Amino acid sequence: MTRNVRSDALHAAVRSFAAGDRSRSFEELALDIAAFQAEFSPGFARLLAREQNPLKAVECIPGVPCDAFRMARVAVHPESEDRARFLTSGTTGGARGVHAMRTLDTYRALALGFGRAALLAVPGPRHVVALAPELDAPASSSLGQMMAMFMVDFEERGDFEVRTAARWLMADASVDVAGLARAALRAQEREESLLVLATSFALVALLDALEGRALPLPTSTVVMQTGGFKGKTREVEASTLRARVAAAFGIAQAQIVSEYGMTELTSQLYEATVPGTALQSQLQGAPGVYYEPAWLRVLSVDPVTLLPVAAGEVGIARVIDLGNVDSAVAVQTQDRVRRVAGGVELLGRAPGAPQRGCSLAVEEFMTGHR
Amino acid sequence: MSNSDARRARLEPLLVSARKIADPHSELGQTARRRLQASSGLSAAGVELALTRCLETAPSEAEIESLIRSTPSAQVAHVLLSANVFVAAHRAIAIALAASERVQVRASRREPDMAELLSSGAPNSFQLVSELTPHAGDRVWAYGRDSTLQDIAVTLPPGVAFHGHGSGFGVGVIHGPLSEQALAELVPRLAEDIVLFDQRGCLSPRVLLVEAGPELARDVARAIALELEHAERAVPRGHMTDQELAEVTTYCASASFSGAVFAAGLGFVSTSERWLLPPVGRNLHVQATDDATQAWSALRPMITSCAFAGSAARRHALEGSLRGARLCDFGRMQSPPFDGPVDLRDL
């Protein structure tokens, strides 16, 4: 079979798995994808060559570090076949990583599938806006791409142009407060539920702009917050931000749900807090605990040995994402995690080594998340 | 006594103190070795190598003259030391002594040893203090992370001059083909530049740019890896923290994905088309490039030192594009002239 035929078959199998087909297990699919990538990705083959039993079990698949996306092309296919190229944020040295995708079909199926389960609480008409900069063309932000997909798919009005100022309520690091108020009014008048997709940074900027004033949104509003504060002006602790946003919008804290995603991944994790969502009904998750979809698994590994740590211990996340058929099925992040019952606690990025001497620290050199 | 003579006289006790520290037979030298090994994390041989090669005990007349000439005077000279490579304290205090007869030094809380050792060998030269309180007319020389320096600069009272020296890294450049003999001479020198301070100095080379094609780059990478392997036996790498080791693990995996990685003692040497800064701990990235200045363009402000081997014309051209960084021969990166701060960048 040619590379693309195999790739297409694996993509189809992953989408089928995500849709509930369990004729092939997660482990089988992960190992099949890893074997496929070993054949067509010389970089991954070199990583495997360092391991003793690399494809014996899912836990043995070496993770491709996020930095590798900055240093090399992480894809089994040539650039000419790229359907999308999502860029990571830059470093001091200017290097930006690229997650190249040969098809967006799997990304769409997986992101929408789990997004619906985590975010859609009430049936009926819905309006979706983003506290994020307008999606560029072609899309270079995986987060922006996902937000655009949510707008079209969750409103269920057929295809429409998402690149309008009324949808993307952030520009030059400031939030369009009036635009959000208009979106709220529109939702109220049309009896639609409102879904606000926001970066954490944007929510902080919004609260700053409100200066303590309230901006009441329909009580059924759900807010999806994502991303950290790296490189931004200041950080706000997650629970504090959640409480302040809920108070400003006049909604329950449970309706503010955090998402975890990375440019280097195809799939996302969510908290299971929003009442009425499929995920919450199934898991009744607490804030701060993120849940994986069936097609993704987070392993907590030791940052020095990269071996799995004991249950309940803090390690760094290696993410096995079946959606990454054409890039890296296992991605090694620097995010600290702890496995808890059924989910994962995210504990922030592993800190860089404290400087001992005046040599430029790796952490000073690097920036970036999604 | 002229002003210049007075400045020179203030330096002499410090140099005497440094000589005692460098002397393994002196009481102070023995104390220094014990304390510095504990605080720096370097191996005993690593401390010895640093004291032997990098502590300036006998600067030339020309260097002293240059140090004095390039240092502005101050009512009081304040020195804020970071947990820097330990020999840096000597140079920092020397600069302050060239500036003023009243010198106050706040040592790093984490690594105060070298400042205390120098003080005990030159008891009346400068004052060790727990806090600096500069006033108008004073000067502050501060060493540390760029972000820390920026924080300090904005909190100083009006009329206080500030000299900040931040973090950085060194690069090596090889231009054109090298004879076998030239390569054989260069490799151990570069290895020593890497081994010193286990690469924690702001002059330490982390990247080698080879303007001579990928084959030579690969050959050089292999040769340096082998040399670092030998160096590991003679001067073992010191203690690395878990976080430092984690950075090495991650970088090594990324480098393996993107190119070739050669084991080099406890460190590694990598080669690939694109690069990120390797972590400290005797790790080097070797990259073939047509033009080193293009390869480092985005990182240029962070480069403090560049070792060069190649034609005089190319060296001259690099000098022009490396203002603020020290250009030297391989094997001399960690022992710049004692003529002022090692970091010549204007932060």
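Residues numbered from 1 in each chain as written. Chains lettered and ligands numbered in written order. Predicted model: local features only at pLDDT ≥ 70, side-chain atom pairs only at ≥ 80, totals over all residues. Heavy atoms only, no water.

1. What about the overall build of chain B?
- For chain B, the count of helices and strands is 12 helices and 12 strands.
- Taken over the C-alpha trace, chain B has a radius of gyration of 20 Å; the compact-globule value for 347 residues is 20 Å, and the two agree within 12%.
- Oriented by its inertia axes, the alpha-carbon framework of chain B measures out at about 60 × 40 × 35 Å.
- Relative to its 347 residues, chain B shows a buried fraction of 59%. (Helix = DSSP H or I, 4+ residues; strand = E, 2+ residues; numbered from the N terminus. Rg over C-alpha atoms; globule rule 2.2 N^0.38 Å. Buried < 20%, exposed > 50% of the residue type's maximum accessible area, 1.4 Å probe, protein only.)

2. Quick word on the packing of helix α3 (residues 42-49) of chain A against helix α10 (residues 242-258) of chain B
- Where α3 of chain A contacts α10 of chain B, the axes come no closer than 7 Å and their chain directions differ by 130 degrees. Of the possible angle classes, the one that applies to α3 of chain A and α10 of chain B is oblique. Facing Gly43, Phe44, Arg46 and Leu47 of chain A of α3 of chain A, the residues of α10 of chain B in contact are Ala253, Ser256, Phe257 and Ser258 of chain B.
- Partitioned by chemical class, the residues of the contact of α3 of chain A with α10 of chain B number 4 nonpolar, 3 polar and 1 charged. (Axes fitted to C-alpha atoms, helices over the stretch in contact; angles between N-to-C directions. Parallel < 35°, antiparallel > 145°, perpendicular 65-115°, else oblique. Contact = heavy atoms within 4.5 Å. Nonpolar A, V, L, I, M, F, W, Y, C, P; charged D, E, K, R; others polar.)

3. So, the interface of chain B and chain A
- Across the boundary between the two partners, chain B contributes 49 residues, which contact 38 residues of chain A.
- Buried surface at the junction of chain B and chain A, summed over both partners, amounts to about 3,800 Å²; 59% is from carbon and sulfur atoms.
- Our count for the chain B to chain A interface comes out at 7 residue pairs in polar contact (both at pLDDT 80 or more).
- Only α2 (27-40) and α10 of chain B provide two or more residues apiece to the side of chain B that touches chain A.
- The dominant element in the side of chain B that touches chain A, judged by the number of residues it contributes, is α10 of chain B, at 16 residues.
- Split into classes, the residues belonging to the side of chain B that touches chain A amount to 20 nonpolar, 19 polar and 10 charged. (Buried area = accessible area lost by both parts, 1.4 Å probe. Polar contact = N/O pair within 3.5 Å; in protein donor to acceptor, adjacent residues only side chain to side chain.)

4. Side note on α3 of chain A
- Among the residues of α3 of chain A, those classed as buried are Gly43, Phe44, Leu47 and Leu48 of chain A. The buried residues of α3 of chain A occupy one face: seen down the axis, they fall within an arc of 140 degrees. Every exposed residue of α3 of chain A that faces more than 90 degrees away from the buried side is listed here: Pro42 and Ala49 of chain A.
- The inward-facing, buried residues of α3 of chain A contact α2 (26-40) and β1 (64-65) of chain A together with α10 of chain B. (Arc of directions from axis to C-beta.)

5. Details of the sheet that holds strand β11 (residues 303-309) of chain B
Residues and elements named next belong to chain B.
- In space, the 7 strands of this open sheet follow the order β8-β9-β10-β7-β6-β11-β12, with mixed pairing throughout. In the strand order of this sheet, the two ends are held by β8 (259-264) and β12 (326-328), each with one partner. Between one strand axis and the next, the sheet turns by 20 degrees as a mean value, whatever way the strands run.
- As paired elements, strand β9 (residues 267-272) and strand β10 (residues 283-288) share 4 bridges and run parallel to each other. Following the sheet pairing, Phe268 is matched in β10 by Asn283.
- Running at roughly 25 degrees to β8, helix α9 (residues 214-234) makes contact with β6 (169-175), β7 (205-211), β8, β9 and β10 of the sheet. (Pairing = 2+ DSSP bridges.)

6. Some details on the nonpolar core
- In this structure, Val64, Leu119, Phe150, Tyr270 and Leu322 of chain A are the most contacted members of the largest nonpolar core, which totals 89 residues.
- When residues of this core are sorted by domain, at least three fall in each of domain 1 (3-72 + 297-330) and domain 2 (106-294) of chain A.
- The contacts of Val64 of chain A, once residues within four sequence positions are left out, are Phe44, Leu47, Phe69, Val74, Ala328, Ala330, Val331 and Gln332 of chain A together with Phe257 of chain B.
- Formed by 75 residues, the second largest nonpolar core is a distinct cluster that contains Val79, Ala92, Ala96 and Cys328 of chain B. (Core = buried A, V, L, I, M, F, W, Y, C linked by side-chain atoms within 4.5 Å. Domains from an automatic or database assignment.)

7. Quick notes on the domain arrangement of chain B
Residue and element names in this part refer to chain B.
- Splitting chain B by domain gives domain 1 (3-165) and domain 2 (169-328).
- On the side of domain 2, 14 residues touch domain 1, which itself brings 14 residues to the contact.
- Carbon and sulfur atoms make up 71% of the surface buried where domain 1 meets domain 2, a total of about 1,000 Å² over both sides.
- Of all residues in domain 1, Leu42, Leu49 and Val85 give up the largest surface area on contact with domain 2, accounting jointly for 40% of the area buried on that side.

8. Section: the side chain of Thr226 of chain A
- By secondary structure assignment, the location of Thr226 of chain A is in strand β8 (residues 222-226).
- A polar atom in the side chain of Thr226 of chain A sits 2.4 Å from the side chain of Glu259 of chain A.

9. Regarding empty space enclosed by the protein
Residue and element names in this part refer to chain B.
- Overall, the coordinates contain 6 cavities of 30 Å³ or more when judged by the stated rule.
- In this structure, the second largest cavity spans a volume of roughly 160 Å³.
- Around the second largest cavity, the lining comprises 19 residues; the ones closest to its centre are Ser82, Phe86, Ala89, Glu111 and Met114.
- Looking at the lining of the second largest cavity, the elements with two or more residues in it are α2, α5 (88-99) and α6 (113-121).
- When grouped by side-chain class, the residues that make up the lining of the second largest cavity number 12 nonpolar, 5 polar and 2 charged. (1 Å grid on protein atoms, 1.4 Å probe; cavity = no way out; pocket = protein on both sides within 12 Å on 5 of 7 lines; lining within 4 Å. Points joined across faces, edges and corners; volume = space filled by probe spheres on them.)

10. Quick look at the domain arrangement of chain A
Residues and elements named next belong to chain A.
- For chain A, the domain assignment lists domain 1 (3-72 + 297-330) and domain 2 (106-294).
- Summarising the inter-unit geometry, the C-alpha centres of domain 1 and domain 2 are found 29 Å apart.
- At the junction of the two partners, domain 1 supplies 15 residues and domain 2 supplies 11 residues.
- Taking both sides of the interface into account, the surface hidden between domain 1 and domain 2 amounts to around 1,100 Å²; carbon and sulfur atoms contribute 61%.

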